[in-house]
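Observations on the three-dimensional arrangement
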Amino acid sequence: RKIQSNFARDVDRQNYRFGLSQVLTKNMIMGLDFDVITDEGYLNNPYRRYRYIDPDDSTNYLYSDEVYPETRTSTAVALRAQYYLPYRAALKAEYRYFTDSWGIDAHTYELQYIHPVGPSWTFEGRYRYYQQTQADFYQDLFPYLGSQDFMARDKEMSSFEDYTIGLGLSYVFGKGAIAHVDKLKLTALVDYLEFSYENFRDVTQA
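Nothing here was measured: the structure is a model prediction, and the numbers come from that model.

**Remarks on the pattern of salt bridges**
By the definition in use, this model includes 12 salt bridges. In this structure, aspartate 65 engages arginine 49 in a salt bridge whose closest nitrogen and oxygen atoms are separated by 3.5 Å. Highlighted residues: aspartate 65 in strand S4 (residues 61–65) and arginine 49 in strand S3 (residues 49–53), separated in sequence by 16 residues. Taking the shortest distance from any N to any O, the salt bridge between glutamate 110 and arginine 126 comes out at 3.0 Å. Taken together, the positions of glutamate 110 in strand S7 (residues 105–117) and arginine 126 in strand S8 (residues 121–132) put the pair 16 residues apart, joining distant regions of the chain. Take arginine 126: its relative accessible area is 23%, and that puts it in the partly exposed class. Residues joined in a network through salt bridges with shared partners are Asp33, Arg80 and Glu94.

**Examining the pairing of strand S1 (residues 11–25)**
Alignment of S1 against strand S2 (residues 28–41), held across 14 bridges, turns out to be antiparallel. Considered in S2, the bridge of arginine 17 is made with aspartate 35. Between S1 and the antiparallel strand that follows it, S2, lie 2 residues.

**Things to note about the environment of leucine 189**
Secondary-structure assignment places leucine 189 in strand S10 (residues 184–197). Separated by 65 residues in the primary sequence, leucine 189 and glutamate 124 have C-alpha atoms spaced 9.0 Å apart. Not counting residues within four places of it along the chain, the set of residues in contact with leucine 189 comprises Glu124, Leu167 and Gly168.

**A word on the side chain of glutamine 132**
Here glutamine 132 shows up in strand S8. In this structure the side chain of glutamine 132 is engaged in a polar contact, spanning 2.6 Å, whose partner is the side chain of tyrosine 130. A polar atom in the side chain of glutamine 132 sits 2.9 Å from the backbone oxygen of serine 158.

**Regarding the packing of aromatic side chains**
Throughout the structure, instances matching the rule amount to 18 aromatic pairs. Ring geometry for tyrosine 130 versus phenylalanine 160: centroids 5.6 Å apart, planes at 40 degrees, classification tilted. A residue pair is termed long-range when its members are at least 10 positions apart, and tyrosine 130 in strand S8 and phenylalanine 160 in strand S9 (residues 160–173) qualify at 30 residues. Phenylalanine 160 matches tyrosine 130 in its accessibility class, with the two residues each being buried. A centroid spacing of 5.1 Å and a plane angle of 40 degrees characterise the contact between phenylalanine 160 and tyrosine 197, whose relative ring orientation is tilted. Placement of the pair is phenylalanine 160 in strand S9 and tyrosine 197 in strand S10, with a sequence separation of 37 residues. Assessed through its relative accessible area of 3%, phenylalanine 160 is described here as buried.

**A word on the side chain of aspartate 35**
Topologically, aspartate 35 is positioned in strand S2. A distance of 2.5 Å separates the side chain of aspartate 35 from the side chain of arginine 17, its partner in a polar contact. Those residues in contact with aspartate 35, other than ones at most four positions away along the chain, are Asn15, Tyr16, Arg17, Ser74, Thr75 and Ala76.

**Quick notes on the pairing of strand S5 (residues 71–84)**
Here S2 runs beside S5; their pairing, made up of 13 bridges, is antiparallel. The residue bridging glutamate 40 from the neighbouring strand is threonine 71, located in S5. Where S5 meets strand S6 (residues 90–100), 11 bridges bridge the pair, whose relative direction is antiparallel. Of the residues in S6, the one forming a bridge with alanine 81 is alanine 93. The turn linking S5 back onto S6 is made up of 5 residues, and arginine 88 within it adopts a positive phi angle of 75 degrees.

Rules and cut-offs
Residues numbered from 1 in each chain as written. Predicted model: local features only at pLDDT ≥ 70, side-chain atom pairs only at ≥ 80, totals over all residues. Heavy atoms only, no water. Salt bridge = Lys/Arg side-chain N within 4 Å of Asp/Glu carboxyl O. Helix = DSSP H or I, 4+ residues; strand = E, 2+ residues; numbered from the N terminus. Buried < 20%, exposed > 50% of the residue type's maximum accessible area, 1.4 Å probe, protein only. Pairing = 2+ DSSP bridges. Contact = heavy atoms within 4.5 Å. Polar contact = N/O pair within 3.5 Å; in protein donor to acceptor, adjacent residues only side chain to side chain. Phe/Tyr/Trp six-rings, centres within 6.5 Å; stacked < 30°, edge-to-face > 60°.

Remember, this is a structural readout, not a statement about activity or role.
Right, dumping it as structure tokens:
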């Protein structure tokens with residue numbers, strides 16, 4: 001299927017954010033963030049299509065363009081904490097709850113550990129877990145063409161969970177390593193991600 005090169009649609013987005021942080025002890029800081037996002041306009045991807053049952057086709061299904069609502073309101077609340085350990089290391093934790101007017105509810109949990117070694121090296125590791133419910137108008141396979149007002153088959157709209165394991169290494173070059181530069185930091189980060197989709201089928205796989 002070909003998309004016209006002059007395809008253009010308007011989207012209006014408003015983002016409202018409120019943040020609060022508080023020092024609880026000499027070693028611990030906590031923060032609370034609240035976000036509200038409103039979208040209005042063309043909100044789906046013009047390249048994505050949904051599947052519907054067609055018994056007359058050899059594959060028993062066909063495709064048609066996805067149809068999304070033209071408005072969306074998203075709300076997120078995040079609670080963060082950072083604790084400084086006696087040996088210069090730090091432990092960070094975060095929980096984030098997300099909900100929107102499309103029926104998606106999501107939970108994110110993240111834990112990070114940062115450990116400096118000497119004056120120049122810093123090691124870090126993190127674990128992140130994410131889980132969400134599906135949008136109200138998502139299905140992997142619809143019963144027939146135009147079976148409801150809104151239809152989506154984007155796997156990011158489905159029920160799924162994922163986790164991330166990350167490792168990082170940083171090195172700080174002191175003054176004099178490069179002319180006219182007081183400090184230079186080199187960082188390497190590696191993430192391993194794994195997704196598990198509960199109600200999305202990859203039809204390219206047998």
